[in-house]
Amino acid sequence: MSDRDEARPRDPRTTPPVRAARAPMRFTVVLRTPARAAEPLFARAPKAWQRVLPYVVLGICVLSLLPATIAVLTNDYKSGGGWAGALGLAQTVPLLLAVTRPLPAWVLVLVADTVGAVVLTHADKVAGHAWPWTPMSIVGYLALMICLGLRESIRTLIGVWLVTGAVGVVLGFFEPDGVTTTAALLFVLSGSFLAVTGALRGVGDAQQRIAEQESISEAERARRTLLEERARIARELHDVVAHHMSVITVQADSAPYRLPGMAEPVREEFAAIAASARESLSEMRRLLTVLRSDGNGSGTGSGDGGTAAGPGGASELAPQPGIGRIQQLVEATVRAGQPVELSLAAGAERAAPPAVDLSAYRIVQEALANVVRHAPGAETRVSVTHDAEEVLVLVVNGPAARDAVVEPGASGTGHGLVGMQERVRLTGGTLDTGPLPDGGFRVAARLPLNDASEDAS
């Protein structure tokens, strides 16, 4: 997606159905988002009711299982009322701890269930009933498995599952006569619940890592785009600076011949100026060789005032364009089928320093390229005006023509707005870009004239 695509507003008519369809999907994402240590389940959910949901569900479990456990142990197993109340509290209340500390809650519940199984071996009517795990303890244990699966690592979940099976096997040696064994049932069910919730957590972990990598990649891509654009601008400005340095060298070398009778100290000063200018040009050639090196390691230098031929061939040997060539740029765009109206103030190219002159042309060039790519057939206005302090570049286009077809691959490289921002920053100006209410787009750049020469140096 390009800069223009990101800035263009979406059609509000399509937004409500999409949001409605994505609501269950968002909750699924919340469900499989792993909670960190000492963090409640769903703590990073976007809505308050989602963050409170684990407490509500486990609270309902406790309020339902506690009286049911006491009633079953008292009426069906004929366990003592004191033991029934104590076991009911020990087996259900720790479930509230599972929201933030599921592993300690599991230890407490497992110990309570084990003690309850031992106590039930001496109950009056244990025969014919479930043992060692009662139906209520199985329900509470499975709720605990869900909390564990959403929080703990796979290694911990396997350990919990194996300990559950081992405790059931050990209790099997003390099994009373005539009971319905539930050790295998809990072992299978707990394993299934741990597997499903652990898989959800694994998906959440994987998606979180992917999101982090995508964020890093996006930052690196933006940084690379910025550096590439700065290098391209530096290559273009080399011609401007090299021209002025060449003029300084020639003037300093020819000064003794143009101004006869010059004193010897003055001659030496001009010679030192010429030597410094030549050394600066040499350093610029070496720097430009690095900037022009491509991915295969090939690069070329430049002359004093020209740009070396690179991948673009002879086109890179041409003089750098300026405001005076905007008329030709607009005419070429019109010939390509894009209706463009130009308003170019007289004398703007003479008033602008070289850096501003080049930046104004490139901004118009990038803006028109974006119009052709993203809004083919749109009515476009280009205005370049100036006063004593700044040059104002304005490119405004309307929405794309009704019969225009935007190619799917015409998303661009993402350099357009980045390049404009860098060029404006180079000259110390300001850039204002953004969509218009009618679906068009606006690019406005203010390029100051006074400080441009200082920034270019």
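Note that the structure is a prediction, hence the values are computed from the model and not measured. Note that residues are indexed from 1 along each chain, following the sequence as it is written. At least 70 in pLDDT is required for a residue's local features to be given in this predicted model, at least 80 for side-chain atom pairs to be given and counted, and no such filter applies to totals for whole chains, interfaces and linings, which use all residues. Only hydrogens and water are set aside when side-chain values are computed; all heavy atoms of the structure are taken into account.

A.B. asks: What is the right way to read the packing of aromatic side chains from this model?
C.D. replies: Aromatic ring pairs: the centre-centre distance and the angle between the two ring planes describe each pair. Stacked, tilted and edge-to-face are the three classes assigned to paired rings of Phe, Tyr and Trp, where Trp is represented by its six-membered ring and a pair needs centres within 6.5 Å; plane angles under 30 degrees give stacked, over 60 edge-to-face, the rest tilted. This structure, assessed with the given rule, holds 1 aromatic pair. A ring pair is formed by Trp-161 and Phe-187, whose centres lie 4.5 Å apart and whose planes are at 10°; its orientation type is stacked. Highlighted residues: Trp-161 in helix α7 (residues 154-172) and Phe-187 in helix α8 (residues 183-258), separated in sequence by 26 residues. Throughout this description, buried means an accessible area under 20% of the type-specific maximum (1.4 Å probe, protein chains only), exposed means over 50%, and partly exposed covers the range between. Looking at Trp-161, the relative accessible area reads 30%, which means it is partly exposed. For Phe-187, a relative accessible area of 27% gives the class partly exposed. Helix numbering and strand numbering both begin at the N terminus, where a helix is a DSSP run of H or I of at least 4 residues and a strand a DSSP run of E of at least 2.

A.B. asks: What is the right way to read the sheet that holds strand β4 (residues 380-386) from this model?
C.D. replies: In a beta sheet, neighbouring strands are held together by backbone hydrogen bonds and run either parallel or antiparallel to one another. The 5 strands lie next to each other as β3-β4-β5-β7-β6, forming an open sheet whose pairing is mixed. Of all strands in the sheet, those with a lone pairing partner are β3 (340-344) and β6 (430-435), marking the two edges. The mean angle between the axes of side-by-side strands here comes to 5°, regardless of whether they run parallel or antiparallel. Pairing between strands is defined by DSSP: at least two bridges between the two strands are required. Note that β4 and strand β5 (residues 390-397) share 7 bridges and pair antiparallel. Paired with Val-384 across the strands is Val-393, a residue of β5. By definition, residues are in contact when any of their heavy atoms lie within 4.5 Å. Simply put, an axis is a line fit to the C-alpha atoms, just over the touching stretch for a helix, and the angle between two N-to-C directions goes from 0 to 180 degrees. In the packing of helix α10 (residues 326-335) onto the sheet, the strands contacted are β3 and β4, and the crossing angle to β3 comes to about 170°.

A.B. asks: Help me understand the environment of Trp-131, please; the structure alone is not making it clear to me.
C.D. replies: Mapped onto the elements of the fold, Trp-131 is located in strand β1 (residues 130-131). Placed 10 residues apart in sequence, Trp-131 and Thr-121 show a C-alpha to C-alpha distance of 8.6 Å. Ignoring anything within four residues of it in the chain, the contact list for Trp-131 reads Ala-117, Leu-120, Thr-121, Val-126, Leu-171, Phe-174, Glu-175, Pro-176, Val-179, Thr-180, Thr-181 and Thr-182. For the purposes of these results, a polar contact is taken to be a pair of N or O atoms within 3.5 Å, where, inside protein, one atom must be able to donate a hydrogen and its partner to accept one; residues adjacent in sequence count only when each atom of the pair is a side-chain atom. Among the polar contacts listed, one links the side chain of Trp-131 to the backbone oxygen of Ala-117, at a separation of 2.8 Å.

A.B. asks: I keep staring at the pairing of strand β7 (residues 441-448) and nothing clicks. Help me out?
C.D. replies: Along any regular strand, the residues point their side chains to alternate faces of the sheet. The element β7 is largely enclosed, with a buried count of 6 among its 8 residues. The sheet contact formed by β6 and β7 spans 6 bridges and is antiparallel. Each residue of the ladder has a partner; that of Thr-433, found in β7, is Val-443. Here β6 folds back onto β7, and the loop between the two strands holds 5 residues, one of which, Gly-439, carries a positive phi near 100°.

A.B. asks: Which parts of the structure should I look at to understand the pattern of salt bridges?
C.D. replies: When charged atoms on two side chains of opposite charge get close, those side chains can pair. What counts as a salt bridge is simple: a side-chain nitrogen of Lys or Arg found within 4 Å of a carboxyl oxygen of Asp or Glu. Tallying each qualifying case throughout the model produces 5 salt bridges. Linking Arg-350 and Glu-349 is a salt bridge whose minimum nitrogen-to-oxygen distance equals 3.9 Å. Residue Arg-350 is classed as exposed on the basis of its relative accessible area, which comes to 67%. Look at Glu-349 and you get partly exposed, because its relative accessible area is 32%. One salt bridge connects Asp-432 with Arg-442, and the closest N-O pair in it is separated by 2.5 Å. Here Asp-432, found in strand β6, pairs with Arg-442, found in strand β7; they are 10 residues apart in sequence, far enough to count as distant. Overall, Asp-432 belongs to the partly exposed group, its relative accessible area being 40%. Classification of Arg-442 as partly exposed rests on a relative accessible area of 29%.

A.B. asks: Where do I start with the packing of helix α4 (residues 81-92) against helix α5 (residues 102-120) in this structure?
C.D. replies: The axes of two packed helices give the description: the angle between them and the distance between them. Two elements in contact, α4 and α5, have axes separated by 8 Å at closest approach and are oriented at 155°. When the axes of α4 and α5 are compared, the pair comes out roughly antiparallel. Along this stretch, α4 crosses α5, giving a crossing that reads as left-handed. Facing α4, whose interface residues are Trp-83, Leu-87, Ala-90 and Gln-91, α5 presents Leu-108, Val-109, Ala-112, Asp-113, Val-115, Gly-116 and Val-119. Its residues placed into classes, the contact of α4 with α5 shows 8 nonpolar, 2 polar and 1 charged. Orientation categories follow fixed angle ranges, with anything under 35 degrees roughly parallel, anything over 145 roughly antiparallel, 65 to 115 roughly perpendicular, and all other angles oblique. Left-handed describes a crossing whose near helix is turned anticlockwise from the far helix by less than a right angle; the clockwise case is right-handed. In this count, Pro and Cys sit with the nonpolar residues alongside Ala, Val, Leu, Ile, Met, Phe, Trp and Tyr, while Asp, Glu, Lys and Arg are called charged and the others, Gly among them, polar.

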